Amino acid sequence: MTKVSLVRRSFSPRAAATFAFATALLAVPFASASAQTLGYVPMQPQAYQQGPSYSQGYLSEPAQTVDEDAQLPDRLRKQVVSFDRGEPAGTIVIDTGNTYLYYVLGNGRAIRYGVGVGREGFTWSGVQSVSRKAEWPDWHPPAEMIARQPYLPRFVAGGPGNPLGARAMYLGSSEYRIHGTNDPTTIGKFVSSGCIRMTNEDVTDLFSRVNIGARVVVLPKNVPLMARGGDPVRKRPAATTLPSGRQALNIPTSAVN
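Quick caveat, the model's predicted, so the values are computed rather than measured.

**Some points on the overall build of the protein**
Piece 1. Counting secondary structure elements, the protein contains 5 helices and 13 strands.
Piece 2. Scored against the burial criterion, the 257 residues of the protein give a buried share of 42%.
Piece 3. Counted over contacts in the protein with a minimum sequence separation of 6, partners at least 24 positions apart contribute 68%.

Written as structure tokens, this is what we have:
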């Protein structure tokens, strides 16, 4: 009886509470207990992304988090319109004056996209063909551009920060391209050095449709395309076209003059 009473006396309420807490703590996995005790949740490893995403050594397309077309005015959003010119299906027609690009579907229809075109002094017209296609292309500023803007980088790797955007379609052997942009606010404006800019969403769509060798017709700025279902509201800009033989250069961002 004496021994039993001593055990009961030494097992105080405070000791019982401590023993219960320790038992509960041991029943929880160590990592979770540490996180709860210190007040944070362990962070999961994340893959570094630049341009095409890289995860465990595999290349994949970057996630589309923003609907760029939804941010454009209605007239510049991708849409199917009537198209009554005699161009065969697969042809690209650039309406420089109205900042539109048409991809001819045939049977009197075309997909119309809003684009950015050459700024004052850099518009051009003529016929070219798609000579090369590239996904997330690198950018090498041409010597002529560097001469005008010596502060430009000599090389920019492909990715979201690259001025050529998600896709590029090269026109003949010239410096002209139809390409994406990291600044969708330039769509519908006269901003480039002659290249045709599209949102990354639109250029990716066009890229999937266009074949190497496709004909590209670039209309003069003062001769807007009058297609049915076109844009009767937009005012025609003044004529400032240059000879079609002049090569135009792309600019890295809208901030570069």
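That was the structure; now back to the text.
**A closer look at the packing of aromatic side chains**
Piece 1. Inspection of the entire model under this criterion finds 3 aromatic pairs.
Piece 2. Both rings, one in Tyr 100 and one in Tyr 102, keep their centres 6.2 Å apart while their planes meet at 80°; by these two values the pair is edge-to-face.
Piece 3. The buried category is assigned to Tyr 102, whose relative accessible area is 1%.
Piece 4. With a centroid separation of 3.7 Å and 0° between ring planes, the pair formed by Trp 124 and Tyr 176 is classed as stacked. One end of the pair, Trp 124, is in the loop between strand 7 (117–118) and strand 8 (126–135); the other, Tyr 176, is in the loop between strand 9 (167–171) and strand 10 (177–179), with 52 residues separating them in the sequence. Exposure class is identical for Trp 124 and Tyr 176. Each is buried.
Piece 5. Joined through ring pairs, the aromatic side chains of Phe 83, Tyr 100 and Tyr 102 make up one cluster.

**Some thoughts on the side chain of Thr 181**
Piece 1. With respect to the helices and strands, Thr 181 occurs in the loop between strand 10 and strand 11 (190–192).
Piece 2. A polar atom in the side chain of Thr 181 sits 3.0 Å from the backbone nitrogen of Asp 183.
Piece 3. Look past the residues within four positions of Thr 181 in its chain and what remains in contact with it is Pro 163, Leu 164, Gly 165, Thr 186, Ile 187, Arg 197, Met 198, Thr 199 and Asn 200.

**Overview of the sheet that holds strand 6 (residues 109–114)**
Piece 1. On the basis of which strands lie adjacent, the open sheet formed by 9 strands has the order 3-6-5-4-13-8-9-10-12 and mixed pairing. Edge strands, defined here as strands with exactly one partner in the open sheet, are strand 3 (79–82) and strand 12 (196–197).
Piece 2. Of the pairings in the sheet, the one linking strand 8 to strand 13 (residues 215–218) comprises 4 bridges and is antiparallel in character. Note that in strand 13 the partner of Gln 128 across the bridge is Val 216.

**So, the nonpolar core**
Piece 1. Ile 92, Leu 101, Ile 178 and Leu 206 are the most contacted members of the largest nonpolar core, which totals 23 residues.
Piece 2. Elements with a minimum of two residues in this core: strand 4 (92–95), strand 5 (100–106), strand 6, strand 9, helix 5 (200–209) and strand 13.
Piece 3. Counting residues per element, this core draws most heavily on helix 5, which supplies 3 residues.
Piece 4. Other than its neighbours up to four places away in sequence, Ile 92 contacts Leu 101, Tyr 102, Tyr 103, Ile 178, Leu 206, Val 210, Arg 215, Val 216 and Val 217.
Piece 5. Within the second largest apolar cluster, 13 residues are counted, among which are Val 81, Phe 83, Val 93 and Ala 110.

**Focus on the pairing of strand 6**
Piece 1. Of all 6 residues in strand 6, 5 are buried; the element is thus mostly enclosed.
Piece 2. Judged from the 4 bridges that link them, strand 3 and strand 6 form a sheet pairing that is antiparallel. Bridge pairing in strand 6 links Gln 79 to Arg 112.
Piece 3. Relative to strand 6, strand 5 is paired through 6 bridges, and the arrangement is antiparallel. Paired with Tyr 102 across the bridge in strand 6 is Arg 112.
Piece 4. Counting the residues between successive antiparallel strands, the hairpin from strand 5 to strand 6 contains 2 residues, one of them, Asn 107, with a positive phi of roughly 55°.

The rules behind these values
- Residues numbered from 1 in each chain as written.
- Predicted model: local features only at pLDDT ≥ 70, side-chain atom pairs only at ≥ 80, totals over all residues.
- Heavy atoms only, no water.
- Helix = DSSP H or I, 4+ residues; strand = E, 2+ residues; numbered from the N terminus.
- Buried < 20%, exposed > 50% of the residue type's maximum accessible area, 1.4 Å probe, protein only.
- Contact = heavy atoms within 4.5 Å.
- Phe/Tyr/Trp six-rings, centres within 6.5 Å; stacked < 30°, edge-to-face > 60°.
- Polar contact = N/O pair within 3.5 Å; in protein donor to acceptor, adjacent residues only side chain to side chain.
- Pairing = 2+ DSSP bridges.
- Core = buried A, V, L, I, M, F, W, Y, C linked by side-chain atoms within 4.5 Å.

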